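Letter by letter, the chains look like this.
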Amino acid sequence: MKTLLSLREVTKLYGDITALNGINLEVLKGDLLAIIGPNGAGKTTLLKIMAGIETPTKGEIVYKGKKITIDNLHAIRQNCTMVFQKTVVFNTTVFNNVAYGLKIRGFPENEIKSMVNEALELVKLKGYEKRQARKLSGGEQQRVALARALVLRPEILLLDEPTANLDPKTTSIVEEAINYANREMGTTIVVATHNMFQVRKIAKKAVLLLNGQIAETGTVEEIFLKPSLAMTDFAGLENVFVGNAKPSGKGTAIIDIGDGLKIEAAIEKNGKVTVYIRPEDIIVSKIPLKSSARNVLKGRIIEVSDYGQVVKLKVDVGRVITSQVTRLSFEKMGLNVGTEVFLIFKASSVRVV
Ligand code: ATP
């Protein structure tokens, strides 16, 4: 895939604050890249530099093979559109808000109409054309801002926390629009987000920023299948246990993770290990199913969290293990806080961090 944007040794200082420190990053055509990191890590600064809104203190930006300087900043400003976390819509109708960028670019009226229609359809705001944008709810205004950016068909769309403070339904409308733009319109997207669930759901690649530096980078599969300690720590990943492994002599190891709990892993390690079990790799059952899975743990549900189509369950099996089931299974099985369940997972689902 073609490289669109490269950041080379980019450092950004604000007085004596180092917002970014020696960032090397390539954005390829078609990427859907998530920038994750705690508050103050430098995510917004990174997006602003990619959008040409801020310039680096040190280092260079190369867009389509051309080094960006003060004199040709317009090259990225025209092609890389940023949608800010705190949206400001113009004090006019939804239609005029979305049409604005097209008007100043001199598009003919009939084209503007169909492009605005398409963008509003994408964010599920058809029928809102004549409404006053400032009178809409926060979530609707956020969608107007997204439509305003999408309608310009930027080469790179930079989204800063696009679903922060949105309800689950609006979040999924925004996520679907992001996905559609990437998949069907070929828009390259860089999205800063705190939402790990979202990263796994929509992003192809992710970068973990810590203190203005890249702590980890890779495909989303790589990062979540074999997370580094930095990642498990930041993401508050569930089911990370430190234990003592003893080889079973059968190609697996029994890991004592404390509180009387032992789990079997498909590893041949001896001594201290950090392991991780993905909630989606755990089967929840009301009966101790007979299967090839080496781990069958009995416990009680102590917490239920609703994530829309998925429900996360914290189960106390001696240690607290998080599992997840679809909403449909949750309802069909009649699960709730206090229900006794078995957590079943394979030795190969226990991954070493
Ligand atoms: P959040 O998740 O809270 O939005 P972030 O990862 O987007 O954080 P940035 O907004 O990029 O982080 O900020 C990185 C650091 O740079 C912070 O310490 C911030 O206070 C500082 N900073 C950002 N913009 C400015 C500015 N214009 N002037 C001074 N300091 C700034």
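Thresholds applied
- Residues numbered from 1 in each chain as written.
- Predicted model: local features only at pLDDT ≥ 70, side-chain atom pairs only at ≥ 80, totals over all residues.
- Heavy atoms only, no water.
- Axes fitted to C-alpha atoms, helices over the stretch in contact; angles between N-to-C directions.
- Helix = DSSP H or I, 4+ residues; strand = E, 2+ residues; numbered from the N terminus.
- Parallel < 35°, antiparallel > 145°, perpendicular 65-115°, else oblique.
- Left-handed = near helix turned anticlockwise from the far one by under 90°.
- Contact = heavy atoms within 4.5 Å.
- Nonpolar A, V, L, I, M, F, W, Y, C, P; charged D, E, K, R; others polar.
- Pairing = 2+ DSSP bridges.
- Near = heavy atom within 4 Å.
- Polar contact = N/O pair within 3.5 Å; in protein donor to acceptor, adjacent residues only side chain to side chain.
- Areas by Shrake-Rupley, 256 points an atom, 1.4 Å probe, with all protein chains shown as cover.
- Domains from an automatic or database assignment.
- Buried area = accessible area lost by both parts, 1.4 Å probe.
- Salt bridge = Lys/Arg side-chain N within 4 Å of Asp/Glu carboxyl O.
- Core = buried A, V, L, I, M, F, W, Y, C linked by side-chain atoms within 4.5 Å.
- Buried < 20%, exposed > 50% of the residue type's maximum accessible area, 1.4 Å probe, protein only.
- Expected span 1.5 Å × (residues − 1).
- Patch = residues over 30% accessible without salt bridge, like charges linked within 9 Å, V, L, I, M, F, W, Y side chains within 5 Å.

Attention now moves to the packing of helix α3 (residues 94–104) against helix α5 (residues 138–150). Viewed as axis vectors pointing N to C, α3 and α5 meet at an angle of 30°, and their least axial separation amounts to 7 Å. With respect to each other, α3 and α5 are oriented roughly parallel. Between α3 and α5 lies a crossing whose hand is right-handed. Within the contact between the two elements, α3 uses Val94, Asn97 and Val98 and α5 uses Val144, Ala147 and Arg148. Of the residues that constitute the contact of α3 with α5, the class distribution is four nonpolar, one polar and one charged.

Moving on: the sheet that holds strand β5 (residues 66–67). Taken in spatial order, the four strands make up an open sheet running β2-β1-β4-β5, and their pairing is antiparallel. If you trace the sheet from one side to the other, it starts and ends with β2 (17–28) and β5, each paired once. Judged from the two bridges that link them, strand β4 (residues 58–63) and β5 form a sheet pairing that is antiparallel. Across the sheet, the residue bridging to Tyr63 is Lys66, located in β5.

Before going further, it helps to spend a moment on the site of the ligand. Near the ligand you find Tyr14, Ile17, Ala19, Pro38, Asn39, Gly40, Ala41, Gly42, Lys43, Thr44, Thr45 and His194, and these make up its full shell. Between the ligand and Gly42, the relevant distance is 2.9 Å, taken from an oxygen atom to a main-chain nitrogen or oxygen of the residue. In the complex, the protein chains occlude 63% of the 630 Å² of accessible area that the ligand would expose alone. Counting residues per element, the ones that place at least two in the shell around the ligand are β2 and α1 (43–51). Here the shell around the ligand gets three residues from one element, more than from any other, and that element is α1.

This brings us to the domain arrangement of the protein. In terms of domain boundaries, the protein breaks down into domain 1 (3–235) and domain 2 (240–352). For domain 1 versus domain 2, the distance between C-alpha centres works out to 36 Å. It is Phe197, Arg200 and Leu225 in domain 1 that bury the most area against domain 2; as a group they hold 60% of the surface buried on that side. Counting every contact that joins domain 1 to domain 2 gives one salt bridge. In this structure, Glu280 engages Arg200 in a salt bridge whose closest nitrogen and oxygen atoms are separated by 2.6 Å. The interface formed by domain 1 and domain 2 holds one residue pair in polar contact (both at pLDDT 80 or more) in total.

Ranked by size, the top nonpolar core spans 49 residues in total, and within it Val98, Val116 and Val199 carry the most contacts. Beyond its immediate sequence surroundings of up to four residues, Val98 is in contact with Val116, Ala119, Leu120, Val144, Ala147, Arg148 and Val151. Within the second largest apolar cluster, 29 residues are counted, among which are Leu7, Val27, Ile61 and Leu73.

Helix length check: helix α6 (residues 168–183), at 16 residues, gives a terminal C-alpha distance of 22 Å against a target of 22 Å (1.5 Å per residue), a fit within 8%. Those residues of α6 that are buried are in contact with β3 (32–36), α4 (109–122), α5, β7 (156–160), β8 (188–192) and α7 (196–202). Measuring from the side-chain oxygen of the N-cap residue of α6 to the backbone nitrogen of Lys169 gives 3.0 Å; that N-cap residue is Asp167.

A cluster of nonpolar residues, Phe90, Tyr100 and Ile104, forms a patch on the protein surface that exposes about 300 Å² of accessible area. With respect to the helices and strands, Tyr100 occurs in helix α3. Residue classification places Tyr100 among the partly exposed residues on the basis of a relative accessible area of 42%.

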